[in-house]
Amino acid sequence: MKNKYKTLRLILGDQLNLQHSWYQHQDASVLYLMMEVRSETDYVWHHIQKACAFFAAMENFSEALNANGNNTLYLKLDDPSNKQSFEANCDTLIKKYGIEKFEYQLPDEYRLDENLKAYCSQLSISSQAYDTEHFYTEREELGTFFSGKKGLLMENFYREMRKKHQVLMAGKEPVGGKWNFDEENRSKLPKSHKPHAPLLLHNNVRAQYERITKAEIKTIGTINPDHFYWPLNHKQAVELLNYFTEYCLPLFGTFQDAMHTDEWSIYHSRLSFAMNSKMLCPKEVVGAAIAAWEQNKKGIAINQLEGFLRQIIGWREYMRGIYWLKMPEFETMNCFDHQRKLPDWYWTGKTKMNCLKHSIGQSLEHAYAHHIQRLMITGNFALLAGINPDDVDFWYLGIYIDAIQWVEVTNTRGMSQYADGGITGSKPYTGSANYIHKQSNYCENCHYDRTKKTEDNACPFNSLYWDFHDRHREKLSLNFRLSMVYRLWDKMAASDREAILLRANYCLEHLEEL
Ligand SMILES: Cc1cc2nc3c(=O)[nH]c(=O)nc-3n(C[C@H](O)[C@H](O)[C@H](O)COP(=O)(O)OP(=O)(O)OC[C@H]3O[C@@H](n4cnc5c(N)ncnc54)[C@H](O)[C@@H]3O)c2cc1C
Ligand code: SF4
């Protein structure tokens, strides 16, 4: 057995990139190692669909590697030899096979990056880390780009990415003559409009489901393991991508911010899990979207395409760059010193507020909510109510199928909770019932009245919105993007302001009952 393998290569659960150069030629002296371990299942309460999706996609990946002539060992959760941590399992195999070299791909999570660096530093054999060959940018690239510049504006980074990678460029100018078409992308779903149904793939994850439940891992949400619809390999990810470019991209931008009680993904791509697990490469996604537009310029207007590409080469790469620039401080930031506990109904959806009931309910049902539901419903409420960002992170990191810390914490603590004090956004994303009504039909059947601010049945968002801005006046009133908000607030009669703050105070003291 000894010396059968010379090199041990560790593959993490979110490193399922079959196109990686590691796999382009086979080497009998290399042992690939993949594992399901408690250290990864237990650090947060994962949605059961997320846990099953990762395990099933990992298993598929190891089978694909073996089918291509590689040697891959896949340690299941219930394998008696599984020591339940990366380090302990690697130690066992290094000893067992007399391994001479340990190799891994750079993790995208700070926690794992530190752990693996520490692990390698105490090994008596040599070790090497490789790039994951997935992102457009290197870890430090955003920091280098902004070095010496004022601020970290996403828009500047995005334009640089477009130029550098020649995405949708006509020489030095953006195709369509504009960098940003956001103003055309804010429509509500008209009553008569029915979006294409989301593509639901056919998978069975019963084996993974039973392993997880038998091990009594604490999970959240619901699942039908015999009809599992998320992509679990590259082929299925491409199927979802093709469906998106054909049926969703033509209206992606227009209804990007729309929400509706009967629809859970509208025209969104639902590609985040496939990309974050690296089954699907962002370059493949960008290439497919541009190819679809080139073939069908009449059917796909430029604002739809630009709106989508901005998410991939803009926001996604930007958030990753911010993560590596600002961690580990980022995960503890709490600019407003918010300390309130997350209401229990975030875990059940049992609230009378229809927008939250619906957004949380669909998150528990599908392990998915689209960006505006995450930002302007669940995130907005947590921010206005002054919830501790640690609680907010814990919820977002568990509930979504695509949640991995590099992209979760930057969106949650940064963009959504402004706990970073304005690193990722130039102002907090807040809105009252006006905004929610403008973008959705949630208010139509709500227990609360969206037009009221102070009465017993007044929408809680309305008073909490003003209370938040009043409470944080010192930090926010000098922000020129908020000058209008403070002007409106100051113009109100003192008695009106008092009544609003009274109602907000009631809501804050009775959060669990709202
Ligand atoms: C509070 C909060 C938490 C979030 N947590 C996560 C998370 O854990 N994981 C995650 O992948 N995204 C997260 N996002 C970003 C975004 O909401 C999701 O990427 C998106 O909803 C995934 O659905 P989709 O694939 O249908 O996206 P689409 O709307 O179809 O967008 C296409 C792709 O663009 C990328 N993208 C879009 N917006 C962002 C963004 N703000 N940051 C980074 N990438 C983006 C994603 O890869 C997405 O798949 C979060 C946003 C908020 C406001
Ligand atoms: S009235 Fe208020 S709580 Fe109800 S759905 Fe509208 S915004 Fe949400």
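Report follows, based on the coordinates. Throughout, residues of each chain are indexed from 1 in the direction in which the sequence is written. Whichever chain is written first is A, and whichever ligand is written first is 1; the rest continue in order. Reporting in this predicted model follows two pLDDT cut-offs: at least 70 for local features of residues, and 80 or more for side-chain atom pairs to be given and counted; totals over whole chains, interfaces and linings ignore these cut-offs and use all residues. Just so you know, side-chain values use all the structure's heavy atoms and leave hydrogens and water out.

This part is about the site of ligand 2. Met 353, Asn 354, Cys 355, Ala 433, Ile 436, Tyr 442, Cys 443, Cys 446, Tyr 448, Arg 450, Cys 459 and Phe 461 make up every residue found near ligand 2. Think of it this way: any DSSP run of H or I at least four residues long counts as a helix, any run of E at least two long counts as a strand, and we number them from the N terminus. When contributions to the shell around ligand 2 are tallied by element, the ones reaching two or more residues are α12 (354–366) and α16 (433–439). Each residue gets one of three labels, nonpolar for Ala, Val, Leu, Ile, Met, Phe, Trp, Tyr, Cys and Pro, charged for Asp, Glu, Lys and Arg, and polar for the others, Gly among them. Residue composition of the shell around ligand 2, grouped by class: ten nonpolar, one polar and one charged. When at least one non-hydrogen atom of a residue lies within 4 Å of a molecule or strand, that residue is treated as near it.

Spatial strand order, β4-β2-β1-β5-β6: five strands in an open sheet with parallel pairing. Looking at which strands have only one partner, the edges of the open sheet turn out to be β4 (71–75) and β6 (126–130). Pairwise comparison of adjacent strand axes, ignoring direction, gives a mean angle of 20° for this sheet. In the sheet, strand β5 (residues 101–105) pairs with β6 via five bridges, with the strands oriented parallel. Its bridge partner lying in β6, Phe 102 is registered against Ser 127. Paired strands, as defined in this entry, are two strands with at least two bridges between them according to DSSP. Working convention: axes come from line fits to C-alpha atoms, limited for helices to the stretch in contact. Angles between N-to-C directions cover 0 to 180 degrees.

It is worth spelling out helix α14 (residues 389–399) at this point. Of all eleven residues in α14, eight are buried; the element is thus mostly enclosed. Any residue under 20% of the maximum accessible area for its type is buried, any over 50% is exposed, and the rest in between are partly exposed; the area is computed with a 1.4 Å probe on protein chains only. Three or more residues of α14 are buried, namely Pro 389, Val 392, Asp 393, Trp 395, Tyr 396, Leu 397, Gly 398 and Ile 399. Two residues form a contact once any of their heavy atoms are found within 4.5 Å. Summarising the contacts, the buried residues of α14 are in contact with β3 (46–47), α2 (48–67), β9 (219–220), α12, α13 (371–384) and α15 (405–416). Counted as a polar contact is a pair of N or O atoms within 3.5 Å, where, for protein atoms, one must be capable of donating a hydrogen and the other of accepting one, and residues adjacent in sequence contribute only when both atoms are in side chains. For α14, the side-chain oxygen to backbone nitrogen distance between the N-cap and Asp 390 is 2.9 Å, and the N-cap itself is Asn 388.

For the pair helix α10 (residues 282–295) and helix α11 (residues 302–326), the least separation of the axes is 10 Å and the interaxial angle reads 170°. Judged by the inter-axis angle, α10 sits roughly antiparallel to α11. Only Ile 302, Leu 305, Phe 308, Leu 309, Ile 312, Ile 313, Arg 316 and Glu 317 of α11 make contact with α10, whose side of the interface consists of Pro 282, Val 285, Val 286, Ala 289, Ile 290 and Trp 293. Of the residues contributing to the contact of α10 with α11, the split by class is twelve nonpolar, no polar and two charged. Orientation labels follow simple angle bins: below 35 degrees gives roughly parallel, above 145 gives roughly antiparallel, 65 to 115 gives roughly perpendicular, and whatever is left gives oblique.

Turning to the pattern of salt bridges, a few remarks are in order. In what follows, salt bridge is the name for a side-chain nitrogen of Lys or Arg lying within 4 Å of a carboxyl oxygen of Asp or Glu. Counting across every chain of the model gives 30 salt bridges. Among the salt bridges present, the one from Asp 390 reaches Arg 413, with a minimum N-O distance of 2.5 Å. Of the two residues, Asp 390 is situated in helix α14 and Arg 413 in helix α15; the sequence distance between them amounts to 23 residues. Its salt-bridge partner being Arg 413, residue Asp 393 comes within 2.7 Å of it at the nearest N-O pair. Of this pair, Asp 393 sits in helix α14 while Arg 413 is found in helix α15, placing the two residues 20 residues apart along the sequence. Judged by relative accessible area, Arg 413 falls into the buried class, the value being 2%. Here the salt bridges share partners, and the residues they tie into one network are Asp 14, Asp 108, Lys 278 and Arg 320.

Along an α-helix, residues three or four positions apart point the same way, because every turn accommodates 3.6 residues. Of all the positions in helix α6 (residues 154–164), only Met 154, Glu 155, Phe 157, Tyr 158, Met 161 and Arg 162 are classed as buried. Down the axis of α6, the sector holding all buried residues measures 160°, keeping them to one side. Looking at the buried side of α6, the elements it contacts are α5 (141–146), β7 (169–170), β8 (173–174) and α11. Downstream of α6 by a residue or two, Gln 166 has a phi angle that is positive, lying close to 50°. Think of it as the arc spanned by the lines of direction from the helix axis to the C-beta atoms.

Buried Ala, Val, Leu, Ile, Met, Phe, Trp, Tyr and Cys residues form a nonpolar core when they are joined through side-chain atoms within 4.5 Å. Within the largest apolar cluster, 149 residues are counted, with the highest numbers of intra-cluster contacts made by Tyr 318, Leu 356 and Phe 381. If one sorts the elements of this core by residue count, α11 sits on top with twelve residues. Grouped together as the second largest cluster of nonpolar side chains are 23 residues, Met 35, Val 37, Leu 75 and Leu 93 included.

Before going further, it helps to examine the packing of aromatic side chains. Aromatic pairing here means that ring centres of Phe, Tyr or Trp (its six-membered ring) are within 6.5 Å. Orientation follows from the plane angle: under 30 degrees is stacked, over 60 is edge-to-face, and everything else is tilted. Under the defined criterion, the tally for this structure stands at 42 aromatic pairs. Each ring, one from Trp 22 and one from Tyr 23, has its centre 6.2 Å from the other, and the planes form 85°; the classification is edge-to-face. Across the pair, exposure class does not vary: Trp 22 and Tyr 23 are buried alike. Considering the side-chain rings of Tyr 465 and Trp 466, the 5.1 Å spacing of their centres and the 85° angle between planes classify their relative orientation as edge-to-face. For Tyr 465, a relative accessible area of 13% gives the class buried. Here the aromatic residues Trp 345, Tyr 346, Phe 381, Trp 395, Tyr 396, Tyr 400 and Phe 461 are joined through ring pairs into a cluster of three or more. Ring-over charges, as used throughout, are those where CZ of Arg or NZ of Lys falls within 6 Å of the ring centre and within 35 degrees of the ring normal. When the ring centre of Tyr 130 is taken as reference, the NZ or CZ atom of Arg 9 above it lies at 5.8 Å. Sitting over the ring of Tyr 43, Arg 111 keeps its end group 4.2 Å from the ring centre.

Looking now at the environment of Lys 283. Mapped onto the secondary structure, Lys 283 falls in helix α10. Other than its neighbours up to four places away in sequence, Lys 283 contacts Phe 135 and Tyr 136.

Of all six residues in strand β2 (residues 30–35), six are buried, a share of seventy percent or more. By the alternation rule, side chains of β2 split into Val 30, Tyr 32 and Met 34 and Leu 31, Leu 33 and Met 35, which are all buried. Where strand β1 (residues 7–10) and β2 come together, four bridges link them in parallel fashion. Considered in β2, the bridge of Thr 7 is made with Val 30. Alignment of β2 against β4, held across five bridges, turns out to be parallel. Bridging from a neighbouring strand, Leu 31 pairs with Asn 71 of β4.

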